[in-house]
Amino acid sequence: MLADSYMASNFLLYFCLVFGVTVSQTTIQPFESPPTSDTLKGLDPGQGDGRTSLPGRPAGPPLTDDDDLTLAHRRAQATAPPPAAPNRTVMHFVREPHSQLVANGARAEMTCQVSVSGVTIQWLRAGKPVETNRRKIVRAEDGALVITKVRRNKGDDGTYQCKVLSDAGAMLSQPAKLTIASIKRNFSVWPSDQSAPAGGVAVLRCVIDSVPPARIEWMRDGEPLPVNSSERLSADVAGQLSIRPVTAEDAGVYSCVAYNDIASRQRRSDSGTLTVTAPEAESRAPRLMGLPPPEHSAVRANYSLVLPCVADGHPLPSVRWTRDDGLPVPSSAVTSGGSLNLTTAQLADAATYTCTATNAAGQASRRTTVEVLVPPVITSELPALKELRRGWMLRMHCTADGWPPPNLSWIKDGHRLTPDATGRVRLDDGKLSVANLQSADSGIYQCVAYSKAGYTAVAVHLITGSASPSKQVDPPSQLEVSEITSRTARLTWSVDDDAEHLAYTIHIRDLGGVTPESQQVVAEMTHVVRDLRPYTNYSVYVRAYSTDMASDPSETIEFRTAEDVPSETPRVTLVAVSPTELNVSWEALPASLSNGVITGYRINSQRHNDPATASMVEVGADRHSFLITGLEPGRAYDVRVLAATRVGYQNVTRGGGAGELAQWVQQRMPERSLTPVDPGPRPPAVHLVVSNHTTILISWEMPDSADRLQAPPVGFNVLYRRQDLSSELKGPIRLPADTYQYYLTDLVPNTWYEVHVQTVAADWRTAEAIKTISTLPVEVGGEFELERPVLEPPVALNAEALNATAVLFKWQRPPSARAIQYYTVKYRPINSDKGQPVLLSSTDSEMTVTRLQPFTLYEFTVRSHDADNTYGPYSEGKRVRTLEGAPSPPLNVSWFPVDASRIRVSWRPPLRPHGQIAGYRVFYTHDKDEPLERWSYLDIPASSGTNMQLSQLVPNQQYWLRVRGRTAAAPGQLSDMVRFEIRAVLQSSTPTPAPASHGTTYTILTGVLLLVVLLAGTALGLFCHRRRRRRGRQRSSAGAVSRPHLNGAAGSGSGAAGAAAGSDHVEMEVLTPMLTHVAPAAEHQLDTKGGHPTTKPANGRANGFVHPLYLSTDRLRRGSGDAHNESRVGLINNNSSVLSSGSGTAGGGEPPP
């Protein structure tokens, strides 16, 4: 069969050469079962029963970190000699690692042994190599992984695999999970106090998180309870105790003890009291109690599963289990407590079960679905050893059974296989085909079947080459590409061996496309490849064929075809903005149609079907719209736009009178009206930014219009579609008129999208703008995979900080760049470990990046993309620092009193200063509901620290305090409001009677004066009017001492206190009560004490601070005004300097912001 197959291949080559036919084909062949003569029967590897399984459903087979290996990336170079004697020894696992559950600090050992010697064993954890140390060692004699002390905090738990490397290839073992036993300190559910009637049902529960599940022991009154010793007590489900029926002896205090035997830990729960009451007299319908069965339960085959069903009612209900499929449920599977116990679950036990409790008063039921998991088993007979010649095709089909149906994957030498870009490697539901085998394709292939039920794999050792080393064919050498045009390229090569070469195959692939490589069969060592696409990157290699076999590929060369004129005209949109003005807009051509770098556009216009009126204007490549003016109202016009590359403009005719390639677009201008006419909507200016591989941000703005008749839009429509599928537009997505951005989400990664944004007028006319952009590819290893640096990076980078959170980043396309479709901008903060670099894409050559951190140094780079999503390296970084911003609030604002009128305020600097702190402002007020601009404030420079003193305060007055910092850019956020008050009480150095109230003092003085006058008149009989007046003043001076008072009450007397004769000074105690009234003033401003300047202070004592005021008798005789001023100075006692203050403060200063 092998000979017939190869003879057929040779016949095709001979036919092509004899008749001069160049064969161009694509490597697509149907799947077939490999013929038995192609295989060498060896040891059957399918001996694993698949019983060892992974807990939980894996996202895919555990593999190494360099996943997604394609055979094209492992091409053998021409200098690599073929193996002289391939190793045909079949390797398989003798012992594989198994999942383990160990205690923290215990020893763990995983074994890995294969059937051959001279191998290297590498251990992987979660697909990454295990780093060995003193705790983790790989035993040299058998390759076992030994962890002397397993530590949870060292990340020792996880999934492990061993990878065995030999000269034949590499092979992965089954995964084994290492789990560390643990138990929580506290129960999440414990017995609660409850009562149950005699003859009824009681259910108590205990739940605690434990790995493995804890063993629960029930206690009653401190003694172990003999659960399951009688039919009344049942603990079918772990952590649930049911008593059915309840008797008087069941009353007591219940608790439970949880044991984790592997972790050597136990936990005791809180207790609850069960009270047994009198039996029920009336009937009661059934009620399901305790832990309900889950709606969906899964159990592995041959394992047990218990579904609880505890019912209460009067009389006690009977419990019955049924299956929805009608099959009977054995009575032996139902326990005395009513639970369903599937002891050794089989696939036939998978069904939906219903528990029904019934008594004379009614019934109650619950349903649950049981799924039985069957580990996967590979059912296809795959050979242990398979040997094929180079140039042939490998086909293998792997099948597996199990439940749920397992996923199938192919692994080569420990790396997952994926379809490669050349189309040589194909995968389809367990089917693997590799066309045009090479020496690098030799190795160990494993078919892996996996599901949440388990994992299994079989291995096939593939050898590619020749039956005899003397028949080896060397690969061609010195491959060169020359005479490159836009559509053709000449290939030349040579050979270094003496073998008889029958033919050569040329393998060429479009690097920017998704089609597989094409093949051409030639006889000579030179060939001109035709029908290439202009300005396109290609890769090419050559293989030689003899009568016996094919060589390995030559070295691969990449080249790019030359430019050509564009293949099509841009898509044009016409909008009549007035009866004489026509706006022409067009889309950029994709690289597949531009055929080079677009250098400019030509706009042709004429009256409809009237070439004699034709006109032409040319614009640069950065223009995509043009306004044609001076048109005639009511006439129809034809417009077309031509694109040019460095080769020239595209052809507009087919030649020979066959017709025009560039089609005209027609537009009739509106009639001129005597009355003003609404020119209709204008298209928006649209910008597209790709946020990630599935999201596009669409933003737009309306252009400025000088036409006063231009009505504002009533809304916008957004439509979009994939360009590669030629699909219909999705939408419209209708948005209100005040919306200027929209996110398209759930898109396909690495795919071109066409986005339409329409302006909607009041009469439902629309004007449309169209943009295209490609979503980003899926990230690989935290950075996008850079395949080919075929585009130069943008130049003339400029980054300008617009404000504290935004940067304008500009660039220019490189002079030698091809048709650039869009750009990817990458930026990151310098000297910051937070987050990964951010990637954004844009169709414009500038981007405003927002949501940055203030006063932070960023680095920006940019790279170019073409329409085929080919992209080059990033440019050099451009660094810029965002401007200063507003700092966050100061922290830990506090105060403490200095004396009766001063406090010291302190705080900590803001957590996020967002710049250099220039200073702080301290606000304070006695009315917290006032607007901030009416608060008093003091400023302090940053050089003075983070504390200051507030003076001229009024004791017994509540104040509120706030602090904020400022940078050179802006004031920061205010701190939280802090309340403070300097409390004052009266305390004299010598005991004095309490002063009388003002009204009482006035009454006493008046009575004394009248009494003196009456006595003098009676005794002297009006002896002398002048002497009586002198006596009256002397007696009045001996009366009570008057004290000044505030709050709107004037003090009695003259306002000056009397002094004893011969005394030069008098001592006063000053009491300043809380000010409750403020005298009206034109400015409505407060002084620094919170009062009005016209109010008069009273005497008092502040917060334990006594202020004795020594006033000379001379100063006292000057009158109430002077006494008032002296009292204020003595009360403030302000020896500290006041910095700047706000309006109404002692120090003046600028008004608060």
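Just so you know, these numbers come straight off a predicted model, no measurement behind them.

Trainee: Before we go on, may I ask you to explain the state of the cysteines in this structure?
Mentor: Applying the stated criterion to the full structure yields four disulfides. Each disulfide pairs two cysteine sulfurs, and for cysteine 112 the partner residue is cysteine 162, the sulfurs being separated by 2.0 Å. Between cysteine 112 and cysteine 162 the disulfide shows an S-S torsion of about 60°. By sign, it is right-handed. Of the two residues, cysteine 112 is situated in the loop between β5 (108–110) and β6 (113–114) and cysteine 162 in strand β11 (residues 158–166); the sequence distance between them amounts to 50 residues. Like cysteine 162, cysteine 112 is buried. A disulfide bridge connects cysteine 398 with cysteine 447, and the sulfur atoms are separated by 1.8 Å. The sign of the -85° torsion about the S-S bond sets the cysteine 398-cysteine 447 disulfide as left-handed. One end of the pair, cysteine 398, is in the loop between β34 (394–397) and β35 (400–403); the other, cysteine 447, is in strand β40 (residues 443–451), and 49 residues separate them in sequence. Cysteine pairing for the protein chain (bonded cysteines numbered in sequence order): 1-2, 3-4, 5-6, 7-8.

Trainee: Any chance you could explain the nonpolar core here in plain terms?
Mentor: Soluble globular proteins tend to bury their nonpolar side chains together. Formed by 22 residues in total, the largest nonpolar core has its most connected members in Val686, Leu688, Ile696, Ile698, Trp700, Leu744 and Val755. Contributing elements (two or more residues each) for this core: β56 (685–692), β57 (695–701), β58 (715–722), β61 (752–760) and β62 (766–774). Looking at this core, the element that brings in the most residues is β61, giving four residues. Aside from chain neighbours lying at most four places away, what touches isoleucine 698 is Val686, His687, Leu688, Val718, Tyr740, Gln741, Tyr742, Leu744, Val755 and Val757. If you look at the next biggest cluster of nonpolar residues, it comprises 21 residues, including Ala108, Met110, Val164 and Ala459.

Trainee: Is there a simple way to think about the pairing of strand β12 (residues 169–172) in this case?
Mentor: Sheet faces and side chains relate simply in a regular strand, where the side chains alternate between the two faces. By the alternation rule, side chains of β12 split into Gly169 and Met171 and Ala170 and Leu172, which are all buried. With four bridges joining them, β11 and β12 adopt antiparallel strand pairing. When the sheet's bridge partners are listed, valine 164 is paired in β12 with methionine 171. In textbook terms, the turn of a hairpin is the stretch between consecutive antiparallel strands, and for β11 and β12 this stretch comprises two residues.

Trainee: Even after reading the chapter, I still don't get the sheet that holds strand β16 (residues 202–205), so can you show me in this structure?
Mentor: The strands making up a sheet associate through hydrogen bonds between their backbones, and the pairing can be parallel or antiparallel. With antiparallel pairing, three strands are arranged side by side in an open sheet as β16-β21-β20. Where the open sheet ends on each side, the last strands, each with one partner, are β16 and β20 (233–234). Across two bridges, β20 lies against strand β21 (residues 240–243) in antiparallel orientation. Opposite leucine 233, over in β21, you have isoleucine 243 as the bridge partner.

Trainee: Would you mind going over the packing of aromatic side chains with me for this structure?
Mentor: To describe a pair of aromatic rings, you give the distance between the ring centres and the angle between the ring planes. Applying the stated criterion across every chain yields a total of 16 aromatic pairs. Taking the centre distance of 5.3 Å and the plane angle of 20° together, the rings of tyrosine 827 and phenylalanine 860 count as stacked. Taken together, the positions of tyrosine 827 in strand β65 (residues 820–829) and phenylalanine 860 in strand β68 (residues 857–866) put the pair 33 residues apart, joining distant regions of the chain. A residue is classified by how much of its surface remains accessible, and tyrosine 827, at 10% relative accessible area, is buried. Residue classification places phenylalanine 860 among the buried residues on the basis of a relative accessible area of 0%. Cation over ring: arginine 602 sits above tyrosine 649, and NZ or CZ is 3.9 Å from the ring centre. The ring centre of phenylalanine 855 lies 5.1 Å from the NZ or CZ of arginine 881, which sits over that ring.

Trainee: Looking at this structure, I do not really get the pairing of strand β52 (residues 610–620). What am I missing?
Mentor: The pairing of strand β51 (residues 600–607) with β52 spans seven bridges and is classified as antiparallel. From the neighbouring strand, arginine 602 faces β52, where its bridge partner is glutamate 618.

Trainee: Explain unusual backbone geometry to me, please; I cannot follow it from the model alone.
Mentor: Note: most peptide bonds trans; most residues except glycine with negative phi. Note that the residue after arginine 244, namely proline 245, is joined by a cis bond; omega there is -5°. Of note, proline 245 is situated in the loop between β21 and β22 (252–260). Here the bond from histidine 314 into proline 315 is cis, since omega is -5°, no more than 30 degrees from zero. Looking at the element boundaries, proline 315 is found in the loop between β28 (310–314) and β29 (318–323). With a phi close to 50°, aspartate 429 is a non-glycine residue in the positive phi region. Looking at the element boundaries, aspartate 429 is found in the loop between β38 (425–428) and β39 (431–434). In the Ramachandran plot, arginine 851 falls in the positive-phi region, its phi being about 60° despite a non-glycine side chain. Tracing the backbone through its elements, the reader meets arginine 851 in the loop between β67 (846–849) and β68.

Here is what the cut-offs are and how they apply
- Residues numbered from 1 in each chain as written.
- Predicted model: local features only at pLDDT ≥ 70, side-chain atom pairs only at ≥ 80, totals over all residues.
- Heavy atoms only, no water.
- Disulfide = S-S within 2.5 Å.
- Helix = DSSP H or I, 4+ residues; strand = E, 2+ residues; numbered from the N terminus.
- Buried < 20%, exposed > 50% of the residue type's maximum accessible area, 1.4 Å probe, protein only.
- Core = buried A, V, L, I, M, F, W, Y, C linked by side-chain atoms within 4.5 Å.
- Contact = heavy atoms within 4.5 Å.
- Pairing = 2+ DSSP bridges.
- Phe/Tyr/Trp six-rings, centres within 6.5 Å; stacked < 30°, edge-to-face > 60°.
- Lys NZ or Arg CZ within 6 Å of the ring centre and 35° of its normal.

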